[in-house]
Amino acid sequence: MDILIKNGYLIDPKGKKEGRFDILVSKGKVEKISKKINKKTKNIIDAKGKLIFPGLIDIHCHLREPGREDEETILSGSKSAVSGGFTTICCMPNTNPPLDNKVSIRFVYDRGREAFCEVLPIGAITVKREGKLLAPYGEMVKEGAVAFSDDGNCIMDSLVMRRALEYTKLYGKPVISHSEDENLKKNGVMNEGPLSTKMGLRGIPKEAEEIMVARDVFLSNLTGGRLHIAHITTSNAVKLVKEAKRRNKKITCEAAIHHLILTEEAVSGYNPNAKVSPPLRTEKDRKALIAGLKDGTIDCIVTDHAPHSEEEKEMGFEMAPFGMIGFETALSLSMKLLDEGLSLKEIISKFTEGPSRVIGIDRGEIKEGERADIVIFDPDYEWVYKKEEIKSKSKNSPFINWKLKGKVIWTICSGKIVYQMK
Ligand SMILES: [Zn+2]
Ligand SMILES: [Zn+2]
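Keep in mind the model is a prediction, meaning the values are calculated, not measured.

Q: Quick rundown of the coordination of the zinc ion (ligand 2)? Include the residues and the values.
A: At 2.1 to 2.2 Å from the zinc ion (ligand 2) lie its protein donor atoms, namely His60 (NE2), His62 (NE2), Asp151 (OD) and Asp304 (OD). Geometry at the zinc ion (ligand 2) is irregular, judged from the four donor atoms that bind it and their angles of 85 to 168° at the metal. Counting gaps between the donor residues of the zinc ion (ligand 2) yields the pattern H-x1-H-x88-D-x152-D. A separation of 3.5 Å is found between the zinc ion (ligand 2) and the zinc ion (ligand 1), both of which receive a donor from Asp151. Of the two residues, His62 sits in the loop between β6 (56–61) and α1 (74–83) while Asp304 sits in the loop between β15 (300–302) and α11 (310–313), which places them 242 residues apart along the sequence. Judged by relative accessible area, which is 4%, His62 ranks as buried. Classification of Asp304 by relative accessible area gives buried; the value is 7%.

Q: Residue-level account of unusual backbone geometry, with values.
A: Along the chain, Asn96 connects to Pro97 via a cis peptide bond; the corresponding omega equals 0°. Between Ser277 and the following residue, Pro278, the backbone shows a cis peptide bond with an omega angle of -5°. You can see Pro278 is positioned in the loop between α9 (257–261) and α10 (283–294). Phi at Asn7 is positive, roughly 70°, even though this residue is not glycine. By the element assignment, Asn7 lies in strand β1 (residues 3–12). One non-glycine residue, Lys27, lies in positive phi territory at about 50°. Its location among the elements puts Lys27 in the loop between β2 (17–26) and β3 (29–34).

Q: Let's hear about the coordination of the zinc ion (ligand 1): which residues, and what values?
A: Here the zinc ion (ligand 1) is held by Asp151 (OD), His178 (ND1) and His231 (NE2), and the distances to it run 2.0 to 2.1 Å. When the donors of the zinc ion (ligand 1) are listed by position in the chain, the intervening gaps give D-x26-H-x52-H.

Q: Report on the sheet that holds strand β10 (residues 175–177), specifying residues and quantitative values.
A: With respect to topology, five strands assemble into an open sheet ordered β9-β10-β13-β14-β15, the strand pairing being parallel. Each of the sheet's edge strands pairs with one partner strand only, and the pair in question is β9 (148–149) and β15. Across three bridges, β10 lies against strand β13 (residues 227–229) in parallel orientation. Bridging across to β13, Ser177 finds its partner in Ile229. Most of the contacts of helix α8 (residues 235–247) go to strand β14 (residues 251–256), to which it runs at about 150°, and overall it touches β13 and β14.

Q: Any details on the sheet that holds strand β7 (residues 86–91)? Residues and values, ideally.
A: Spatially, the three strands line up as an open sheet ordered β6-β7-β8, and their pairing is parallel. With partners counted over all chains shown, the strands left at the sheet margins are β6 and β8 (118–121), one partner each. If you compare each strand with its neighbour and ignore which way they point, the axes differ by 20° on average. Inspection of the sheet shows β6 paired to β7 by four bridges, in the parallel sense. Residue pairing in the sheet places Cys61 in a bridge with Cys91 of β7.

Q: With reference to specific residues and values, describe the packing of aromatic side chains.
A: For the structure shown, the criterion picks out seven aromatic pairs. Ring geometry for Phe86 versus Phe351: centroids 6.1 Å apart, planes at 70°, classification edge-to-face. Of the two residues, Phe86 sits in strand β7 while Phe351 sits in helix α13 (residues 344–351), which places them 265 residues apart along the sequence. The burial state of Phe86 is the same as that of Phe351; both residues are buried. With centroids separated by 4.7 Å and ring planes inclined at 50°, the aromatic side chains of Tyr137 and Phe148 adopt a geometry described as tilted. With a gap of eleven residues between them, Tyr137 in helix α3 (residues 137–142) and Phe148 in strand β9 connect regions that are remote in the sequence. Judged on exposure class, the residue Tyr137 and its partner Phe148 are both buried. Clustering of aromatic rings is evident, with ring pairs tying together Phe86, Phe327 and Phe351. It is Lys35 that lies over the ring of Phe21; its NZ or CZ is 4.2 Å from the centre. In this structure, Lys275 is placed above the aromatic ring of Phe317, and the distance from its NZ or CZ to the ring centre is 5.8 Å.

Q: So what's going on with the pattern of salt bridges? Which residues, and what values?
A: Tallied over the full model, the rule gives 31 salt bridges. For the salt bridge of Asp12 with Lys17, the shortest nitrogen-to-oxygen distance reads 3.9 Å. Owing to a relative accessible area of 1%, Asp12 belongs among the buried residues under this scheme. Among the ionic pairs, Arg68 bridges to Glu71, the shortest N-O distance being 3.4 Å. Overall, Arg68 belongs to the partly exposed group, its relative accessible area being 30%. The exposure class assigned to Glu71 is buried, which follows from its relative accessible area of 2%. Each of the salt bridges in this network shares a partner with another, and the network as a whole consists of Arg64, Arg68, Asp70, Glu71 and Glu312.

Q: I'd love a proper account of helix α2 (residues 102–112), names of residues and values included.
A: Among the residues of α2, Ser104, Ile105, Val108 and Gly112 are the ones counted as buried. Take α2 and look down its axis: the buried residues cluster within an arc of 105°, on one side only. Buried residues along α2 sit in contact with α1, β7, β8 and α3. The N-terminus of α2 is capped by Asn101, whose side-chain oxygen sits 2.9 Å from the backbone nitrogen of Val103.

About the criteria used
- Residues numbered from 1 in each chain as written.
- Chains lettered and ligands numbered in written order.
- Predicted model: local features only at pLDDT ≥ 70, side-chain atom pairs only at ≥ 80, totals over all residues.
- Heavy atoms only, no water.
- Donors = N, O, S within 2.8 Å, 3.2 Å for Na, K, Ca; no water.
- Tetrahedral: all angles 85-135°; square planar, octahedral: opposite > 155°, others 65-115°.
- Helix = DSSP H or I, 4+ residues; strand = E, 2+ residues; numbered from the N terminus.
- Buried < 20%, exposed > 50% of the residue type's maximum accessible area, 1.4 Å probe, protein only.
- Pairing = 2+ DSSP bridges.
- Contact = heavy atoms within 4.5 Å.
- Axes fitted to C-alpha atoms, helices over the stretch in contact; angles between N-to-C directions.
- Phe/Tyr/Trp six-rings, centres within 6.5 Å; stacked < 30°, edge-to-face > 60°.
- Lys NZ or Arg CZ within 6 Å of the ring centre and 35° of its normal.
- Salt bridge = Lys/Arg side-chain N within 4 Å of Asp/Glu carboxyl O.
- Arc of directions from axis to C-beta.
- Polar contact = N/O pair within 3.5 Å; in protein donor to acceptor, adjacent residues only side chain to side chain.

Such coordinate-based values are descriptive only and should not be taken to indicate function.
Structure below.
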């Protein structure tokens, strides 16, 4: 099937292309990018007034399969993802059982065959994510693991983290660290500060994150291993990474979209959907993250899409699990950063060029002869994020009923239209 996209405005930071272009897609690939293409085909998309981006890449999400298929499956998660413009997503291994061996990695690929977008698995760093025994990296890489992480848990044993950084070097895959000292964090449910005191909730100090970011940086320096810091949240952590990256080119880091948009104020009404790990921080931290995106300290924006059932989220703020869903709102929310000093090109780069570099995949660009992963976005479209329209199986989002500007209208993955706004 051919698809001809006409009259759109292309922004492709990795391919260094920007301007009005027509794009012809044929047999799953980008056949031609040109100022004007005239070809008779049944599928012509008039993208006048719309923006065209390479398909977005999310290197941090949770799909809950196997184990909690009531909350999300690889299929339902991918449906949610393409409606938000993502064409490649990397799922974390904290499933039940966890993705800590070749069989479970192959399982994700098998299930991913029917998905709406490409699903790439991240293998666990340690067996059962227990932080003790190193998982078999070689066999997982052979089956297609793109990185390693015990996300949700921090590797508390520094020797285990050291060995993980050493052994993964053999495969050139990054170790993605959920850097949060579990002893300092102990039972905390939100950012520690005047607000947590006022609310009578146990806080998580920023130092819980900063101490572990510092440790991980030192261990990357020691081993030469590829370290990727997940969901950075504090201004001092940004400072640490900025300093570290000057000397160590093997360190990268990410910010989750919710930490860029919300502060701890979002939990002030005890909203369990605003309870995330690491927690939402202060305005000063949020501003530091945006500065970190701007100056290149932060390589990419992720969703940390974390579906949870309503029953679980309704157990009260303290008992509710951490996490919120994110695929369907991430790109639209990121448009809010345009008012805070980031350009559209910079934002798109953090969803395409940045994550492709971190994970080392040849994606995030619209290129002739290559896979056609394309998003068509209406920057002026105003909409309200409604609970009944959520594609994910879970509905845990603090952004429900938010008015958003800018929306994905079409998503094309591997040359197929996988999402079209109704
Ligand atoms: Zn995490
Ligand atoms: Zn996560």
